[in-house]
Amino acid sequence: MLPELLNGLANVFHPMTFLLMVFGTIVGVVIGALPGLSGSTGIILLLPLVYQLDAATAIVMLCGLFCGSMYGGSIAAVLLNTPGTPSAAATMLDGYPLCQQGLAGKALGVSATSSFLGGLISSICLILIAPQLAKIALSFHAADYFALSLFGLTIMASTDKNIVKGLISGVFGLLISTVGIDAVAGLDRFTFGNYQLMRGFQLLSVLIGVFALSEVFVIVQKGGEREGTSQQQKVGRVLPSWVDFKGFALAAIVGAVIGVFIGIIPGTGGSISCFLAYNVAKKLSKHPEKFGHGALEGVAAPEASNNGTTGGALIPMLTLGVPGDVVTSVMLGALILIGVRPGPMLFVENPDIVYMIFAGMLIVQFIMLAAGLVCAKFSPKILKIHQTILMPIIAVLCIVGAYSNANNMFDVLIAILFGLLGFGMKKFGYPGAPLVLGLILGPIAEENLNRALVISDNNWSVFITSPISCIFLLLSAASIIYAIYTNIRDGRKEMAEKTA
Amino acid sequence: MTKNTNKAADFWVGCAMMVVSIIFFVSAWKMPDSPRGIGPGDYPMFVCVLLFILGLVQALRVLVTEKGIPGIDWQGVNKRFLLRAFIMFAATFLYYFLMRIIGFPITTMVYLFGSMMFFGYKNKIKAAIISVVFTLFVYLLFVRVFQVLLPSGFLI
């Protein structure tokens, strides 16, 4: 493993690759800092550039963006009392009180340092765990892949507050994935006489519509106003002192470990791990009473945990092709678009790409620390960027991005229509990630279902007799049952509160 | 959106999913069978059945909890805000349509400037400069560097 990793490191330090990693990280920090925009929007906006790069360089640039956006979310959380990304929601609890005390620089410095620690620990876990998991995944057969696809979809859908809405979104994604020429028989399906639909719904257009254009429509609807106002024009000293570091190091390490494990579970992510880490850090702290009033540990734990999820979320995405969270589901889409199909075969066919990602993830953490500390100094200026200017620019970049996929105006039309659909989904609480995952996993599920049945001579019991398939199917069922149980429990609690 | 409007939307989304799944199911039903493995229509039919069940569950859940079909609470809907999103969507659609006739550079400049004004950006001169400079930057980046031919019309 070490020679491959060293080779990956050598490739990462290629001047152009390194420069693009820095670029990706800075874009990530800025995008993450702007409330309403997240890492997934950033990845979509960079897709036209991604097409021009070789696969490995493009991926490490996106990794930089992913990690940068996780840290960037804390800037708005500290300065505006509104999280830049959902993963920074817990950072507000102590970050904003620190800002009110005139210690915004300190809060952002702790955030950058903890994010670095979290990212570094999660990258090491990625390097150690992913190759082992890929070795296990290499023994998967067609039936196992079909069950894995179902598992990925159900786990992503069942993490939503309303399981039925999550599943409707995911199954609708599966249905639209069947539009176009059928891969097995070559028959055109559901094109309804439109020859453009023979190519099916292009993943890029759907991604742009559901994740980026819909966000523009939502912000327009709100009037383009930003929540909160910056309390400080200057942030002061950013680098934490050694005494401060010793005070929050344990919380950061605990947060990072929680983040890695939450990140590995498909369908979860930083928004869950940050609160979990915050609560654990509060319980472990010598001064739990300071939490909520500006405790440095209260900033360190959630920030380390949300960056801890980055490496964790990449583990199932790279080894199984099942994303760990929303951003990795968009990243998975981006990788497929540039011809890289994540899964165990990636470790066999393209180990150079895999180890470059590992090396890139390690180096990105150092870049993020430097970029984070520098950007923290300029953060009041970043937050001054008018949404009135930004949103039309993002809309144009979305249109150009959709067009540049295949120089086809029909793809632009699809992106706009999915933008409208995504807007409606956001307004009525239907998650977008299961829809996109359904579109990605649909063809894999169909192909492997067909292959499993052909090999077994149409014997459906193959899905139960294969232990791996059986485990994934049981896990899928368990995730749905558990989500139904929590839905019913929450509903009853809500009813009880109403009657009380 | 009020809770009543959300419930009404859930009910109608459930119904829409059932209708969509029936349309797709009927279309998939007509597709040929395969002697081994699955035919081109089998998998979509399986997905349609799942979608129909989910749509039914969604609609029934609303009917049971609300004891009937909830109406949309129009007073609770901020029509001005909804109109803004609709105008932005219509403007983006018009931008797409006109780009094919007039070409990328001119339509993008007009779209950017118009959207900034619509959003409420006050400084017209700054908005005009940003619109022109950004459009030229994107145009040159894509056409010269990325070698992507952006839509051209009768003007450019």
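As the structure is a computational prediction, the values presented were derived from the model and not from experiment.

Some points on the overall build of chain B
Then comes step 1: Broken down by element type, chain B carries 5 helices and 0 strands.
Then comes step 2: Ordered by position from N to C terminus, the α and β elements of chain B give α-α-α-α-α.
Then comes step 3: At 24 Å, chain B has a C-alpha radius of gyration far larger than the 15 Å of a compact globule built from 156 residues.
Then comes step 4: For chain B, the C-alpha atoms occupy an extent of roughly 55 × 55 × 25 Å along the three principal directions.
Then comes step 5: Taken across its 156 residues, chain B has 39% of its residues classed as buried.

Topic: the pattern of salt bridges
Residues and elements named next belong to chain A.
Then comes step 1: In this structure the tally under the stated criterion is 7 salt bridges over all chains.
Then comes step 2: Residue D244 pairs with K106 through a salt bridge whose shortest N-O separation is 3.3 Å. Of this pair, D244 sits in helix 10 (residues 242-264) while K106 sits in helix 6 (residues 104-137), and the two are 138 residues apart along the sequence.
Then comes step 3: The class for D244 is buried, based on a relative accessible area of 15%.
Then comes step 4: Judged by its relative accessible area of 28%, K106 is partly exposed.

Thoughts on the environment of V26(B)
Then comes step 1: With respect to the helices and strands, V26(B) occurs in helix 1 (residues 3-29).
Then comes step 2: The exposure class of V26(B) is partly exposed, given its relative accessible area of 41%.

What to know about the domain arrangement of chain B
Then comes step 1: Each assigned domain of chain B is listed here: domain 1 (3-76) and domain 2 (79-145).
Then comes step 2: When each unit is reduced to the centre of its C-alpha atoms, the spacing between domain 1 of chain B and domain 2 of chain B is 37 Å.

Here we look at the interface of chain A and chain B
Then comes step 1: Counting from both sides, the interface comprises 63 residues of chain A and, opposite them, 61 residues of chain B.
Then comes step 2: Roughly 5700 Å² is buried in total at the junction of chain A and chain B, and carbon and sulfur atoms are behind 79% of that figure.
Then comes step 3: The tally of links between chain A and chain B comes to 1 salt bridge.
Then comes step 4: Residues D10(B) and K165(A) are paired through a salt bridge, measuring 3.2 Å at the closest nitrogen-oxygen approach.
Then comes step 5: At the boundary of chain A and chain B, one finds 9 residue pairs in polar contact (both at pLDDT 80 or more).
Then comes step 6: For the side of chain A that touches chain B, the elements supplying multiple residues, two or more each, are helix 3 (39-50), helix 8 (163-176), helix 9 (203-221), helix 16 (387-404), helix 17 (409-427), helix 18 (433-455) and helix 20 (467-499) of chain A.
Then comes step 7: Per-element tally for the side of chain A that touches chain B: the top contributor is helix 16 of chain A, with 12 residues.
Then comes step 8: Of the residues contributing to the side of chain A that touches chain B, the split by class is 40 nonpolar, 14 polar and 9 charged.

Examining the nonpolar core
Then comes step 1: Membership of the largest hydrophobic core comes to 187 residues, with the highest contact counts inside it found for L318(A) and F358(A).
Then comes step 2: Sorting elements by how many residues they give to this core places helix 4 (residues 55-80) of chain A first, with 18 residues.
Then comes step 3: If you count residues domain by domain, this core takes at least three from each of domain 1 (3-76) and domain 2 (79-145) of chain B.
Then comes step 4: With sequence-adjacent residues up to four places away left out, F358(A) is seen in contact with L5(A), L126(A), I127(A), A130(A), P131(A), L318(A) and F347(A).
Then comes step 5: One finds A90(A), I258(A), C274(A) and A301(A) within the second-largest nonpolar core, a separate group that totals 12 residues.

Quick word on the packing of aromatic side chains
Then comes step 1: Going through the model one piece at a time under the given rule, you end up with 23 aromatic pairs over all chains.
Then comes step 2: Counting every residue linked through ring pairs, the aromatic cluster contains F140(A), Y145(A), F151(A) and F472(A).
Then comes step 3: We note R84(B) situated over the ring of F118(B); from NZ or CZ to the ring centre the distance is 5.1 Å.

Observations regarding helix 6 of chain A
Then comes step 1: Counted at 1.5 Å a residue, the expected span for helix 6 of chain A with its 34 residues is 50 Å, and the 46 Å between its end C-alpha atoms agrees.
Then comes step 2: By the largest-angle criterion, I129(A) marks the main kink of helix 6 of chain A, which is about 30 degrees, and a proline, P131(A), follows within four residues.

So, the side chain of N448(A)
Residues and elements named next belong to chain A.
Then comes step 1: Mapping N448 onto the fold places it in helix 18.
Then comes step 2: At 2.8 Å, the side chain of N448 forms a polar contact with the backbone oxygen of I444.
Then comes step 3: Setting aside its immediate chain neighbours within four residues, N448 contacts A142, Y145 and F146.

Reading the values: the criteria
- Within each chain, residues carry numbers counting from 1 in the order of the written sequence.
- For this description, chains carry letters from A and ligands carry numbers from 1, given in the order in which they are written.
- Thresholds applied to this predicted model are a pLDDT of at least 70 for local features of residues and 80 or more for the giving and counting of side-chain atom pairs; totals over whole chains, interfaces and linings are not thresholded and use all residues.
- Hydrogens are left out, water is left out, and the side-chain values use all remaining heavy atoms of the structure.
- Each helix is a run of DSSP H or I of at least 4 residues and each strand a run of E of at least 2, with the numbering of both proceeding from the N terminus.
- It is over C-alpha atoms that the radius of gyration is taken, and the globule rule equals 2.2 Å times the number of residues to the power 0.38.
- Accessibility here uses a 1.4 Å probe with only protein chains present; expressed as a share of the type maximum, an area under 20% marks a residue as buried, one over 50% as exposed, and anything in between as partly exposed.
- One speaks of a salt bridge when a side-chain nitrogen belonging to Lys or Arg is within 4 Å of a carboxyl oxygen belonging to Asp or Glu.
- Either an automatic procedure or a domain database provided the assignment from which the domain bounds are taken.
- Any two residues whose heavy atoms approach within 4.5 Å are treated as being in contact.
- A quick way to say it: buried area is the sum, across both parts, of accessible area lost when two parts are put together, with a 1.4 Å probe.
- Between N or O atoms, a polar contact is any pair within 3.5 Å; within protein, one atom must be a potential hydrogen donor and the other a potential acceptor, and residues adjacent in sequence are included only when both atoms are from side chains.
- For this classification, Asp, Glu, Lys and Arg are treated as charged, while Ala, Val, Leu, Ile, Met, Phe, Trp, Tyr, Cys and Pro are nonpolar and the rest, including Gly, are polar.
- What we call a nonpolar core is a set of buried Ala, Val, Leu, Ile, Met, Phe, Trp, Tyr and Cys residues that are connected through their side-chain atoms within 4.5 Å.
- Only the six-membered ring of Trp is used, alongside the rings of Phe and Tyr, when aromatic pairs are assigned; centres must lie within 6.5 Å, and planes under 30 degrees apart are stacked while those over 60 apart are edge-to-face, with the rest tilted.
- Criterion for a charge above a ring: Arg CZ or Lys NZ at most 6 Å from the ring centre, at most 35 degrees from the ring normal.
- To estimate how far a helix should reach, multiply one less than its number of residues by 1.5 Å.
- At any given residue, the bend is defined as the angle formed between two axes, one fitted to the seven residues that end at that position and one fitted to the seven that begin there.

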